[in-house]
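# Analysis of the macromolecular model
Listed below, chain by chain, are the residues.
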Amino acid sequence: MHFDVQQIINGIAVGSIYGAVALALVLIFRSTGIINFAQGEMATFCTYIGWTFIVADRMPYWIGFTVALAFAFLLGVGIERVVIRPVERAPELAVVIVTLGLFTIFNSLSLGVWQSLPKPFPTPFKGGAIHVGNLFISRPHLGVLISSLVVMALIFAFFRFTKVGLAMRASTLNPTAARLMGVNVDRMLMLGWGLAAAVGGAAGIFTANLILLDPNMMGGVLIYAFAAAVLGGLTSPVGAVVGGLLVGVLESLAGTSSFIGSDLKTPVAFVVIVLVLLIRPAGLFGRTRVSRV
Amino acid sequence: MADALLEVEGVVTQYGPVIALHGVSFRVDRGQIVTLLGANGAGKTTTLRTISGLLRCTHGHVKLHSDSKELVLSKMSPEQIVKVGVVQSPEGRQVFADLTVDENLEMGAYTRRDRSGIKKDKERVEEYFPVLGQRRGQAAGTLSGGEQQMLSIGRALMARPRLLLMDEPSLGLAPLITREIFDIVQTINREEGITVLLVEQDVSLALQVSHHGYVLTTGTVVLEGSSERLRADESVRRSYLGY
């Protein structure tokens, strides 16, 4: 296969978006054991909120961005409290169905409120491509890459350096012990959903920076994010980010290679999922759970 | 007569339709080490989980006699119970395996806001358990069983308990390590004035370190007395304690 450095650069930029969505999936999965199938559609909905503020209300980009993320956070918190909490102890399949229901609801809401016509989303990263030798990266791609890395770094810093972040990690590891230390574990779960929705929302806006905003925009992204999360190991936030970058590069290379091509590049994500599950089910960074019986 | 810190009165706790505690009553006096004894399934752990608020009792109540007021623990959430100073070191240690020793201790102080006090208490815990100081940056899951037990107790101490609940600290540990841990618990009780409610299967050891004991069988208290008396009474030993 022709190994194209230029394709790798493009792949990393798109991969940072997959990484962010995968991170959102992992945040929820490791604390609740749920895959939130609605993550992408929630992100699209929040991106429309951002679009309304930035384009319709002419808010400065970063203020609109922040407001949209705050909205996403509250949306995540609300969904956990109102929709997920009641089915917390239900069989996993029931919870999966609930998130699929949320998928449909948010997809229809976006379509109903903002119509299906794709909308351009303004980007603060304007101007031509940046050239280094005969390689180049477009400014929107570079901007998205840097911003999503910053968002992810902030999340990691929150978990690593704050008391609430520590309590959230503890609640994930051992909810009972966390409660015995005085942690309100339910509140931590709400917070986890809020953070995941905010990270997802950021990824939605970054996606809209690169392609047009439409109600089904995150469908393809979510599939690659799943592949990224599985590749990184569903329980590892670092794995999600690394998996996202790897999957982005893989997609980019597959899309331009002569025997796969852009028509067949979506199945690449599924091939990744199947191969990882066959060869290394715990993913690159995931931990195999060993339990004594 | 010493004054009661904790009063458990007629507590009934159920797991779904299964009744685990049939009206348990006992008291823990201030400054003492009190032990709950009994065979597997007698309801010792259930009792501690009820006191900590992880389980709700359907009848009876748990009361804590705080400085001036009476707090009904059985109506409070686990978070509130920790805040009023009733803290548990649970069965099987339950340390946060992927967090470092230091982070585990930080978690113990979760309900507290006094930075400098927390720092001082961390130093104090590391004085009682020097090995925790040496392993500060290590993941708790990599510690030996005895070290994890020490961490579990240290973590509970970080919450500044007035009543420390300990569930089976000797579980799976070598006798020598158990001995060492109990020595420290006695020191903590004596020097810090922390009252201890100890659930333990090693009956003879528990009666050596405690002041008072209660014997539980299938969810009720069948016997109580000073640890000295329980230890001496041959028939009690044979019929209830089985050693």
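The structure we're discussing is the one just above.
This is a predicted model, so every value here is computed, not measured. (Residues numbered from 1 in each chain as written. Chains lettered and ligands numbered in written order. Predicted model: local features only at pLDDT ≥ 70, side-chain atom pairs only at ≥ 80, totals over all residues. Heavy atoms only, no water.)

Moving on, we get to the overall build of chain B. When helices and strands are counted, chain B shows 10 helices and 10 strands. Scaling as 2.2 N^0.38, a compact globule of 243 residues should have a C-alpha radius of gyration of about 18 Å, and chain B matches this with 17 Å. C-alpha extents for chain B along the principal axes are approximately 50 × 40 × 40 Å. Long-range pairs, those at least 24 residues apart, make up 67% of the contacts in chain B with a sequence separation of at least 6. (Helix = DSSP H or I, 4+ residues; strand = E, 2+ residues; numbered from the N terminus. Rg over C-alpha atoms; globule rule 2.2 N^0.38 Å. Contact = heavy atoms within 4.5 Å.)

Residues and elements named next belong to chain B. Here six bridges tie strand β9 (residues 212–217) to strand β10 (residues 220–226), and the two strands are oriented antiparallel to one another. Note on β10: the bridge partner recorded for histidine 212 is serine 226. Joining the antiparallel neighbours β9 and β10 is a turn of two residues, in which threonine 218 adopts a positive phi near 35°. (Pairing = 2+ DSSP bridges.)

Our next topic: the sheet that holds strand β6 (residues 86–89) of chain B. Residue and element names in this part refer to chain B. Taken together, six strands build an open sheet; the order of strands is β6-β7-β8-β3-β9-β10 and the sheet is mixed. With one partner strand each, in any of the chains shown, β6 and β10 form the two edges of the open sheet. Taken pair by pair, the neighbouring strands of this sheet meet at an average axis angle of 20°, ignoring direction. Lying over the sheet, helix α1 (residues 44–51) contacts β3 (33–37), β6, β7 (163–167), β8 (195–199) and β9, oriented at roughly 145° with respect to β7. Sheet contacts for helix α7 (residues 175–192): β3, β7 and β8; angle to β8, the most-contacted strand, approximately 150°. (Axes fitted to C-alpha atoms, helices over the stretch in contact; angles between N-to-C directions.)

Further remarks concern the nonpolar core. Ile79, Phe121 and Val183 of chain A together with Phe96 and Met107 of chain B are the most contacted members of the largest nonpolar core, which has 89 residues in total. When neighbours within four sequence positions are excluded, methionine 107 of chain B is seen to be in contact with Leu166, Ala167, Ala170, Met181 and Val183 of chain A together with Phe96 and Leu99 of chain B. (Core = buried A, V, L, I, M, F, W, Y, C linked by side-chain atoms within 4.5 Å. Buried < 20%, exposed > 50% of the residue type's maximum accessible area, 1.4 Å probe, protein only.)

Summarising the sheet, β3 of chain B and β9 of chain B pair through four bridges and their orientation is parallel. The residue bridging valine 34 of chain B from the neighbouring strand is histidine 212 of chain B, located in β9 of chain B.

Before going further, it helps to examine the interface of chain B and chain A. With 24 residues of chain B in contact, the opposing surface of chain A contributes 19 residues. Contact between chain B and chain A buries roughly 2,000 Å² in total, counting both sides, with carbon and sulfur atoms accounting for 65%. In this structure, the connection of chain B to chain A is made through two salt bridges. At the boundary of chain B and chain A, one finds four residue pairs in polar contact (both at pLDDT 80 or more). Going through the elements one at a time, α2 (78–83), β6 and α3 (101–108) of chain B are the ones with two or more residues in the side of chain B that touches chain A. (Buried area = accessible area lost by both parts, 1.4 Å probe. Salt bridge = Lys/Arg side-chain N within 4 Å of Asp/Glu carboxyl O. Polar contact = N/O pair within 3.5 Å; in protein donor to acceptor, adjacent residues only side chain to side chain.)

For the rest of this paragraph, the subject is the packing of helix α1 (residues 5–32) of chain A against helix α9 (residues 217–232) of chain A. Residues and elements named next belong to chain A. Orientation of α1 relative to α9, taken along the N-to-C sense of each, is 70°, at an axis distance of 8 Å. By the angle between their axes, α1 is roughly perpendicular relative to α9. Along this stretch, α1 crosses α9, giving a crossing that reads as right-handed. Contacts between α1 and α9 involve Ile17, Tyr18, Val21, Ala22, Leu25 and Val26 on the former and, on the latter, Met218, Val221, Leu222, Tyr224, Ala225, Phe226, Ala228 and Ala229. (Parallel < 35°, antiparallel > 145°, perpendicular 65-115°, else oblique. Left-handed = near helix turned anticlockwise from the far one by under 90°.)

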